[in-house]
Amino acid sequence: MSPRVRGRVNRRKSNNHFIEIHMVPTRDGLNLATDIHRPQVDGKPIEDPLPVLLQRTPYGRSSPARQEEAAFFTNNGYVTVVQDCRGRYDSEGGFTKYIDEGKDGYDTVEWLAQQPWCNGEVGTFGLSYAAHTQAALASLDPPHLSAMWLECGGFASAYHSGCRNGGAFELRQVTWAFREALESPEARSNPDTTKAALNKQDMREWFSRFPWKPGHSPLSWTPDYEAYLMEIWGNDTFDEYWQQVGLCAMAHYGPFADVPQVHQCSWYDPYAAGTIQNYTALSQLKASNVSLIMGPWTHGANSVTFAGNADFGRNSTLESTKEGSFNEQRLAFFDHWLKGADNNWADRSPVKLFMMGGGSGRRNPEGRLDHGGKWVEEQSWPPARVKETAMYLHRGGKLSIAMPQIEEHASMFRFDPENPVPTIGGNISSGLPIMEPGGFDQRESEDFFGCQEPYLPLASRPDVLVFQTDPLPENLEVTGPVTVNLWISSSAVDTDFTAKLIDVYPPCRDYPEGYALNLTDGVLRTKFRNSWSEPELMEPGEIYPITIELYPTSNLFAQGHRIRLDVSSSNFPRLDVNGNTGDNPALSPIRHVATNTVYHDYGRPSHLTLWMAAADC
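Residues numbered from 1 in each chain as written. Predicted model: local features only at pLDDT ≥ 70, side-chain atom pairs only at ≥ 80, totals over all residues. Heavy atoms only, no water.

1. Looking at the overall build of the protein
Summing up its helical and strand segments, the protein has 10 helices and 28 strands in all. The C-alpha atoms of the protein give 25 Å as radius of gyration, which agrees with the globular expectation for 617 residues (25 Å, within 12%). Taking the principal axes of its C-alpha atoms as reference, the protein extends roughly 80 × 55 × 45 Å. Burial analysis of the protein (617 residues in total) assigns 62% to the buried set. Looking at the protein alone, contacts between residues at least 24 apart form 74% of all its contacts between residues at least 6 apart. Element-wise, carbon and sulfur atoms account for 48% of the exposed surface of the protein, whose accessible area totals about 22,900 Å². (Helix = DSSP H or I, 4+ residues; strand = E, 2+ residues; numbered from the N terminus. Rg over C-alpha atoms; globule rule 2.2 N^0.38 Å. Buried < 20%, exposed > 50% of the residue type's maximum accessible area, 1.4 Å probe, protein only. Contact = heavy atoms within 4.5 Å. Areas by Shrake-Rupley, 256 points an atom, 1.4 Å probe, with all protein chains shown as cover.)

2. Some words on the nonpolar core
One finds F207, F334, L486 and I563 to be the most contacted residues of the largest nonpolar core, which totals 124 residues. Apart from the residues within four sequence positions on either side, I563 is in contact with M391, L399, F467, Q468, T469, L472, L476, L501, I502, F557, L608 and L610. Counting residues in hydrophobic clusters, the runner-up holds 28 residues, among them V79, V81, L150 and A249. (Core = buried A, V, L, I, M, F, W, Y, C linked by side-chain atoms within 4.5 Å.)

3. Description of the sheet that holds strand β13 (residues 306-307)
Spatially, the three strands line up as an open sheet ordered β13-β14-β16, and their pairing is mixed. What marks the edges here is a single partner per strand, and that holds for β13 and β16 (369-370). Of the pairings in the sheet, the one linking strand β14 (residues 310-311) to β16 comprises two bridges and is parallel in character. Bridged to D311 within β16 is D370. (Pairing = 2+ DSSP bridges.)

4. Describing unusual backbone geometry
Residue P454 is bonded to the preceding E453 through a cis peptide linkage, with omega at 0 degrees. Among the secondary structure elements, P454 is positioned in the loop between β20 (410-415) and β21 (465-468). Backbone geometry at D42 places phi at a positive 55 degrees, although glycine is not the residue there. Here D42 is to be found in the loop between β3 (31-41) and β4 (44-45). With relative accessibility at 74%, the residue D42 sits in the exposed group.

5. Regarding the pattern of salt bridges
What the rule picks out here adds up to 29 salt bridges. The salt bridge involving R61 is made with D90; its shortest N-O contact spans 3.1 Å. Placement of the pair is R61 in the loop between β5 (50-57) and α1 (64-74) and D90 in the loop between β6 (79-84) and α2 (101-113), with a sequence separation of 29 residues. Summarising the burial analysis for this pair, R61 and D90 share the class buried. Here D496 makes a salt bridge to R525, at a shortest N to O gap of 2.9 Å. Separated by 29 residues along the polypeptide, D496 in strand β23 (residues 496-505) and R525 in strand β24 (residues 515-525) bring together distant segments of the chain. (Salt bridge = Lys/Arg side-chain N within 4 Å of Asp/Glu carboxyl O.)

6. Things to note about the side chain of N302
Residue placement: N302 occurs in the loop between β12 (290-295) and β13. Side-chain polar atoms of N302 contact the side chain of E151, separated by 3.0 Å. If sequence neighbours within four positions are ignored, N302 has contacts with E151, Q264, W297, T317, L318 and F326. (Polar contact = N/O pair within 3.5 Å; in protein donor to acceptor, adjacent residues only side chain to side chain.)

7. Points about the packing of aromatic side chains
Inspection of every chain in the model, using the stated rule, returns 41 aromatic pairs. Ring geometry for Y59 and W176: centres 6.4 Å apart, planes at 65 degrees, overall edge-to-face. Placement of Y59 in the loop between β5 and α1 and of W176 in helix α4 (residues 172-181) is noted, with a sequence separation of 117 residues between them. One aromatic cluster in this structure is built from Y59, F95, Y98, Y129, F155, W176, Y225, Y228 and Y271. Across from the ring centre of F95, 5.7 Å away, lies the NZ or CZ of R88, which sits over that ring. When the ring centre of W375 is taken as origin, the NZ or CZ atom of K352, which lies over that ring, is 5.2 Å away. (Phe/Tyr/Trp six-rings, centres within 6.5 Å; stacked < 30°, edge-to-face > 60°. Lys NZ or Arg CZ within 6 Å of the ring centre and 35° of its normal.)

8. Concerning the environment of R179
Here R179 is to be found in helix α4. When its relative accessible area of 37% is taken as the criterion, R179 is described as partly exposed. Linking R179 and N199, residues 20 residues apart in sequence, is a C-alpha distance of 9.9 Å. Sequence-distant contacts of R179, that is, excluding residues within four places in its chain, are made with Y59 and S430.

9. Focus: helix α10 (residues 326-339)
One turn of the α-helix equals 3.6 residues, which is why residues spaced by three or four share an orientation. Taking 1.5 Å as the rise per residue, α10 with 14 residues should run 20 Å; its terminal C-alpha atoms sit 19 Å apart, in good agreement. Among the 14 residues in α10, 10 count as buried, and that is most of the element. Buried within α10 we find F326, Q329, R330, L331, A332, F333, F334, D335, H336 and L338. Those residues of α10 that are buried are in contact with β5, α1, β7 (118-127), β8 (145-151) and β11 (261-266). In the segment just after α10, G340 is the residue with positive phi, at about 75 degrees. (Expected span 1.5 Å × (residues − 1).)

10. Quick notes on helix α9 (residues 272-285)
With 14 residues, α9 extends 20 Å from end C-alpha to end C-alpha; this agrees with the ideal 20 Å at 1.5 Å per step. When α9 is considered as a whole, its buried residues turn out to be A272, G274, T275, I276, N278, Y279, A281 and L282. In this fold, the buried residues of α9 make contact with β11, β12, β15 (351-356) and β25 (544-557).

11. Overview of the confidence of the model for the protein
For the protein, the mean per-residue pLDDT works out to 95, and 97% of the residues sit at or above 70. Taken together, the stretch residues 1-9 has pLDDT below 50 and engages in 23 contacts with residues farther than four places along the chain or on a different chain. (pLDDT = per-residue confidence, 0-100.)

Here it is as structure tokens:
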């Protein structure tokens, strides 16, 4: 620990306000390093009690980004508090991802409320992990929590979306662990050994050596990080572990704080599904104002106009909306609920969405696909104007609202875990240098991990089933949940089925082969088809119905485009690869080839379910 943070040791002036450094006590006797930014007048801190805004982060309370945010809110009349999470930077204790954030956050909120410069109103804000910390403390309902703005985080259930997904494991948790291990107290205090050893590891090579062995992984020099990763990867059933505060808000919706709250995320974000689930449940359960904002970006990138290679236009950022900049919108929210400002915040539409699509389809000056889009305001999720619609899989790769009429038909493919379908974009964060988030043409290239020459469209792979509509006769909006219901069988006792929704552009001068833009995807590990807590292996050859839940989306499929569904059994390195044995691939190196079958006939009508409406471009 840095000597300067033992107790409240100094007060310094920065950006026209003062910063006090405290070690805030927790119930188990540890202390958390905390910067307290206080407004000043005539060179002195304001002594009158003010509302407090809190951010709890594992990414360094004194980083330039956190300092800039704190300066903005402090200069607008708040005491702004930024705290290092337990075991990170200058805070005491060991780091266990997510698990300690509920109690530590509760203790911090209540400590702040007792300080003479706090008027008893404590709001919270922050991105990603700093949103997880908010949902964790809110699950314990601290008495002085007064408002929250959760940006791109706050697990509804980390098991169902965020750490695991449809029973598979999200390997971005691996790249996150390695990146943050480089900034761990062990690495920072031992740069010649621990940090030097970590820096020598090639993660691309390590991704070819799964499963990792405890004590013999690229995280072995930072045991806390290796232990938490092995724990969440190795625990593949939805048990009490996954229902803890910090990992599962939905298990604690009852006591979850009934305070004004904004849930903000984006369509290419790994927390899109959980954000909407939290909004939907809490807006119904709580009396306070609860609102939802969904943009088109990747994780936390609300100030840029693109996600991957898809560009949504200059009006797609939060900065471009009529409510002002992102900071100005957050300030208006807190001013209304913590200061009583008459700025009509409560009169806004509860749901604000960016509907992607409707652009020119050409290559813009930055070399990206002009996909376009627009902001829409709604009273509900899904919007009232869209209707649940089934689109059925047919022989010959057709996708249609017409039911299949043939008595028996199926499509088969060979799934080899040693040759998985490579990930090309999607709902990813913290995946670099292994994974690229966002929207891309679904074509292999050297830019994506796992792709091999010759670089051809994913649709050409024999282990990818492709079903698509005829060119659309009119514009069609899809806004809402996305699910795929399949009748399947396998030669294996367990396997995965993946699904991906794609907007297929017709050929044009810039894209003479057309452009297949990924919108959303999902997976189901079949042993969890009936229960997340009690897995059931399959009988080889027996037919089972399964449901794959994809991430929600909002997209305008323009006239002449096609709606496409790709079905396969892998999406690597985004998700771990099922070895088809029934064992957790985090623990077993054994892999078998499986022959997987999707049935699409009159008696077994496999289908894609979308929320759709005719749309004006």
